[in-house]
Amino acid sequence: MTFTFTPPRRATVPVAGSEAVFPVHRVYCVGRNYADHALEMGGEPDREPPFFFSKPADAVTLGPVVRFPPMTDNLHHEVELVVALGAGGTPAGEAAAGAMIFGYAVGVDLTRRDLQAAAKKQGRPWDVAKGFDYSAPVSSILPVGESKHPNGGLIRLAVNGEEKQRGDLSQMIWSVPEILVELSRYFELQAGDLIFTGTPAGVSALRHGDRVTCTIEGVGELNFTMGSE
Ligand code: MN
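Figured I'd write up the structure that's included with this text. Because the structure is predicted, anything quoted here is derived from the model rather than measured. (Residues numbered from 1 in each chain as written. Predicted model: local features only at pLDDT ≥ 70, side-chain atom pairs only at ≥ 80, totals over all residues. Heavy atoms only, no water.)

**Focus: helix 5 (residues 176-183)**
Inference 1: Buried residues of helix 5: Val-176, Ile-179, Leu-180, Glu-182 and Leu-183, and no others. Angularly, the buried residues of helix 5 cover 165° about the axis, an arc narrow enough to put them on a single face.
Inference 2: Taken together, the buried residues of helix 5 touch strand 3 (27-31), strand 4 (51-55), strand 8 (79-85), helix 2 (94-99), strand 9 (101-108) and strand 15 (194-196). (Buried < 20%, exposed > 50% of the residue type's maximum accessible area, 1.4 Å probe, protein only. Helix = DSSP H or I, 4+ residues; strand = E, 2+ residues; numbered from the N terminus. Arc of directions from axis to C-beta. Contact = heavy atoms within 4.5 Å.)

**Examining the pairing of strand 14 (residues 162-168)**
Inference 1: In this structure, strand 13 (residues 154-159) lies alongside strand 14, joined through six bridges in antiparallel fashion. The partner of Leu-154 across the bridge, within strand 14, is Asp-168.
Inference 2: Remark: two residues form the turn of the hairpin made by strand 13 and strand 14, two consecutive strands paired antiparallel; Asn-160 in that turn has positive phi of roughly 50°. (Pairing = 2+ DSSP bridges.)

**A closer look at the sheet that holds strand 3**
Inference 1: Ordered by their spatial adjacency, six strands build an open sheet running 4-3-15-8-9-12, and the pairing between neighbours is mixed. Among the strands making up the open sheet, the edge pair consists of strand 4 and strand 12 (142-143).
Inference 2: Here two bridges tie strand 9 to strand 12, and the two strands are oriented antiparallel to one another. Each bridged residue has a counterpart across the sheet, and for Tyr-104 the counterpart in strand 12 is Leu-142.

**Concerning the coordination of the manganese ion**
Inference 1: Here the manganese ion is held by Glu-78 (OE), Glu-80 (OE) and Asp-109 (OD), and the distances to it run 2.0 to 2.2 Å.
Inference 2: Each donor residue of the manganese ion belongs to the same chain, with the gaps between them written as E-x1-E-x28-D. Note on accessibility: Glu-78 and Glu-80 belong to one class, buried. (Donors = N, O, S within 2.8 Å, 3.2 Å for Na, K, Ca; no water.)

**Comments concerning the pairing of strand 17 (residues 220-226)**
Inference 1: Here strand 6 (residues 65-66) pairs with strand 17 via two bridges, running parallel. Along strand 17, the bridge assignment pairs Val-65 with Thr-225.
Inference 2: Note that strand 16 (residues 211-216) and strand 17 share six bridges and pair antiparallel. Of the residues in strand 17, the one forming a bridge with Thr-215 is Glu-221.
Inference 3: Where strand 16 folds back on strand 17, the antiparallel hairpin that results is connected by three residues, among which Gly-218 adopts a positive phi of roughly 80°.

**Here's the deal with helix 3 (residues 113-122)**
Helical geometry: 3.6 residues make up each α-helical turn, so side chains three or four residues apart lie on a common side.
Inference 1: Looking at helix 3, one finds that the buried residues are Arg-113, Gln-116 and Ala-119. Along the axis of helix 3, the buried positions cluster into a sector of 120°, meaning they face one direction only.
Inference 2: Taken together, the buried residues of helix 3 touch helix 1 (35-40), strand 7 (75-76), strand 10 (111-112) and helix 4 (127-130).
Inference 3: Taken from the residues just after helix 3, Gly-123 is the one with a positive phi, measuring 65°.

**Structural notes on the sheet that holds strand 6**
Inference 1: On the basis of which strands lie adjacent, the open sheet formed by five strands has the order 6-17-16-13-14 and mixed pairing. Both edges of this open sheet fall to strand 6 and strand 14, since each of them pairs with a single strand only.
Inference 2: Relative to strand 16, strand 13 runs antiparallel, the two being bridged by five bridges. By the bridge assignment for strand 16, Ala-158 is matched with Thr-213.

**A few points about the nonpolar core**
Inference 1: Membership of the largest hydrophobic core comes to 38 residues, with the highest contact counts inside it found for Leu-81, Leu-85, Leu-110, Val-176, Ile-195, Cys-214 and Met-226.
Inference 2: Listing elements by their share of this core, those giving two or more residues are strand 3, strand 8, strand 9, strand 13, helix 5, strand 16 and strand 17.
Inference 3: For Ile-195, the contacting residues outside a window of four places in its chain are Tyr-28, Val-30, Leu-81, Val-82, Val-83, Leu-85, Ile-179, Leu-180 and Leu-183. (Core = buried A, V, L, I, M, F, W, Y, C linked by side-chain atoms within 4.5 Å.)

Below you can see the structure in the form of structure tokens.
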């Protein structure tokens, strides 16, 4: 077999403390998984459960400079715990879901908030708001050790040293195992899937040259600068 042209390179993410790289299969995202962010987006977290959307696998970027996307005047940061699956399948329950996890990373779900607001208003898809090139900066993946699943811990993002987002993983409406069980009802989960698990409140606009620093307690850190278009 010959390809008509050279196939695109598969997106990969480094693994902390290892020469190995993690090959990305798909990127799923959870919307409105922290009540305080759902409220700041105009939602009603008591009545509307979280939901899913996705980004292309090659939206994953490692920095240290992230290209600033065109076609937006309101690019927002959303710092998120990222789950990396080392195995696929349909988990029978939350324990089985936990066993599918290879490790965790820090990610930012970059969002063209102006285009998202227009899409919501018009009942249109979110692809141009969420799934653009370089829209998914992620850190190295920290493999799960024994009993190292982060059930709580500080999640934080600062822009140019000023704290914008601060929350705790324990505030997630759907826990990581609950997300995997729910997601597997819609999609065939596979090794290589990355799942962005939602963001706490405090999202705000980024500008060219902004320095973004993120930490998740027990998981790692992600630092990048917003470049030019
Ligand atoms: Mn998000």
